[in-house]
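Architecture at a glance
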Amino acid sequence: MSASLNAAVATTAASDPACAEPLAVLGRDVTVPLVTGGEVTYAALDYAASAPALQRVWDDVAAYAPYYGSVHRGAGYLSQLSTDLFEQSRATVAEFLDCRPTDQVVFTRSTTDSLNLLAAVIPADCQVFVFETEHHASLLPWTNAQVGYLNAPRTPAEAVATLERALADREPYGPALVCVTGASNVTGELWPVKELAAAAHAHGARIVLDAAQLAPHHPVSVRDLDVDWVAFSGHKLYAPFGSGVLAGRADWLRQADPYLAGGGASRKVSRREDGGVDVEWHTTAARHEAGSPNVIGVYSIASACRALTEAGFENLVAREQRLVERVRAGLAEVPAVRILSLFGDDAPRVGVLSFVVDGWNSSHFAAALSAEYGIGVRDGLFCAHPLVRTLLGSEPQTQGECGAPEAAPGERSLNAIRVSFGAGTPDEHVDRFVRAVKELVTDGAKWQYRTEEGRCVPAV
């Protein structure tokens with residue numbers, strides 16, 4: 001883990017979060033039916049997929065919505081107001097990420113879109129290095145580059161050493177890019193970002209940080225971590241409406257053709273005598289923001305950035321670490337449960353944990369948590385198939401009646417359960433989850449389940 005993130009965890013874990021309350025989120029009072037009868041308040045413990053929207057964000061968006069207008073080229077008052085709000089949001093995100101003065105903040109649809117944008121603008125002879133442990137969003141976009149896939153490390157130090165060897169041995173010695181996660185979407189473990197950035201720069205490479213799972217849980221400083229780019233999604237940062245961010249160095253972005261060609265990206269278009277057209281593209285972030293942008297999505301990200309900053313990341317991290325330890329301690333009391341980890345049981349992590357249960361197919365277990373306890377978790381391979389396969393190895397898994405929804409043929413039992421939480425999670429949801437795991441392991445499910453269209457569901 002990077003020294004800065006390590007220090008943040010050490011400092012906040014020592015504080016007293018006892019009086020800290022969860023941030024208000026939408027859906028906190030939603031009730032869901034149980035197959036065994038009655039209803040219960042829904043426990044949303046799938047934050048790693050999409051976090052619920054902060055009430056503050058929803059209120060900000062509702063206040064702006066009547067003033068919504070198209071940005072950048074409208075003469076009307078609402079258009080000008082929306083343009084100002086859009087660009088102020090860009091400045092808010094830059095401040096949230098502690099960007100350098102020369103960095104650009106480009107708005108995209110998601111982390112996946114951001115990393116595909118970066119993949120589209122890297123030099124033609126660029127080599128890309130990525131650990132097999134990455135989410136598919138950062139593992140797969142580099143189809144037009146020479147890619148070096150690095151084996152899963154078992155310690156943070158091994159991760160740095162593996163990268164250093166790969167960069168030192170690369171042929172030819174041209175431009176290179178390293179892509180690494182800040183916090184694993186499978187294990188929640190924090191990666192040594194600052195040390196990996198130092199190794200990359202020492203060997204003449206650049207580095208992009210996938211902060212999709214880090215930014216909602218920890219402050220992210222582009223300057224302190226010394227990364228060249230950072231990417232994240234609004235929907236994991238308590239902001240709905242499908243927007244994302246790519247922020248960082250401007251040179252590759254300015255030198256490449258626009259990610260999408262169209263209005264907004266073009267500064268000047270003129271006809272040539274031969275019948276064609278000449279195009280002068282913007283050199284600002286607008287170069288890669290063609291079309292009418294998602295103003296509400298962008299504003300929701302800025303609102304979430306402000307809300308998290310004003311709440312105080314120190315308090316948020318401290319409270320979340322208390323929940324992490326409560327889950328880990330509770331699961332440790334169940335011998336049948338094994339928490340998945342690359343760096344060891346004591347590795348610092350955000351509020352994301354994956355586990356398997358002896359004698360249970362993970363899809364069956366997750367379905368029972370939902371149907372019998374009103375708890376929403378995730379099961380499968382979590383869009384990180386190589387990592388989950390590495391963590392599960394060749395251990396025998398009980399197939400049961402329900403298979404993993406995204407597993408390949410013959411791998412129906414190769415899956416895990418992921419529980420994830422954050423700033424809006426009440427203590428009661430975590431306690432209910434731990435209690436439910438213990439009851440299911442001890443007493444079994446109270447209902448019968450079957451596979452329907454690839455998912456495990458209660459049998460009618």
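Residues numbered from 1 in each chain as written. Predicted model: local features only at pLDDT ≥ 70, side-chain atom pairs only at ≥ 80, totals over all residues. Heavy atoms only, no water.

Remarks on unusual backbone geometry
Defined as follows: Counting from the N terminus, the helices are the DSSP runs of H or I reaching at least four residues and the strands are the DSSP runs of E reaching at least two. Between buried and exposed lies partly exposed: a residue is buried under 20% and exposed over 50% of the maximum accessible area for its type, with that area taken using a 1.4 Å probe on protein chains only.
Look at the link from E171 to P172: it is a cis peptide, with omega at -5°. Within the element layout of this structure, P172 appears in the loop between α6 (156-168) and β7 (176-181). Despite not being glycine, F241 has its phi angle at roughly 85°, a positive value. Considering the arrangement of structural elements, one finds F241 in the loop between β9 (229-233) and β10 (244-248). One non-glycine residue, F382, lies in positive phi territory at about 60°. Along the chain, the position of F382 falls in the loop between β16 (378-380) and α13 (385-392). F382 gets classed as buried once you look at its relative accessible area, which sits at 4%.

Regarding the side chain of R432
The test is simple: Here, residues are in contact when the closest pair of their heavy atoms is within 4.5 Å.
You can see R432 is positioned in helix α14 (residues 427-443). Since its relative accessible area comes to 5%, R432 is described here as buried. The residues contacting R432, other than those within four sequence positions of it, are V40, T41, A43, Y373, G374 and I375.

Some details on the packing of helix α3 (residues 77-96) against helix α10 (residues 295-311)
Rules: Between N-to-C directions, angles cover 0 to 180 degrees, with each direction set by a line fitted to C-alpha atoms, over the stretch in contact for helices. Any angle between 65 and 115 degrees counts as roughly perpendicular, while under 35 counts as roughly parallel, over 145 as roughly antiparallel, and the rest as oblique. Here a crossing is taken to be left-handed if its near helix is turned anticlockwise relative to the far helix by less than a right angle, and right-handed if that turn runs clockwise. When residue character is reported, Ala, Val, Leu, Ile, Met, Phe, Trp, Tyr, Cys and Pro are called nonpolar, Asp, Glu, Lys and Arg charged, and the others, Gly included, polar.
α10 packs onto α3 with a crossing angle of 40° between their chain directions and a minimal axis gap of 9 Å. As judged from the angle between their axes, α3 and α10 are oblique. When the axes of α3 and α10 are compared, the crossing they make is left-handed. Only V295, V298, Y299, I301, A302, C305, R306, L308 and T309 of α10 make contact with α3, whose side of the interface consists of S82, L85, F86, S89, T92, V93 and F96. Looking at the contact of α3 with α10 residue by residue, the classes come out as 11 nonpolar, four polar and one charged.

Things to note about empty space enclosed by the protein
Put simply, the rule is: A pocket here means an open set of points on a 1 Å grid, computed over the protein atoms alone, that has protein on both sides within 12 Å along at least five of seven lines. A cavity is instead a set of points where a 1.4 Å probe fits but cannot get out; residues with an atom within 4 Å of a point line either one. Grid points are joined across faces, edges and corners, and a volume is the space filled by probe spheres set on the points.
Evaluated as defined, the whole model comprises two cavities of 30 Å³ or more. Roughly 50 Å³ of internal volume is contained in the largest cavity. As for the largest cavity, its lining consists of H72, R73, F86, G264, A286, E289, G291 and P293. In terms of residue class, the lining of the largest cavity is built from three nonpolar, three polar and two charged. Taken as a whole, the second largest cavity encloses approximately 40 Å³ of empty space. Lining the second largest cavity, in full, are P216, H217, Y238, L308, L316, V317, E320, G422 and A423. Split by residue class, the lining of the second largest cavity holds six nonpolar, two polar and one charged.

Fair warning: the whole summary comes from geometry, so function is off the table for now.
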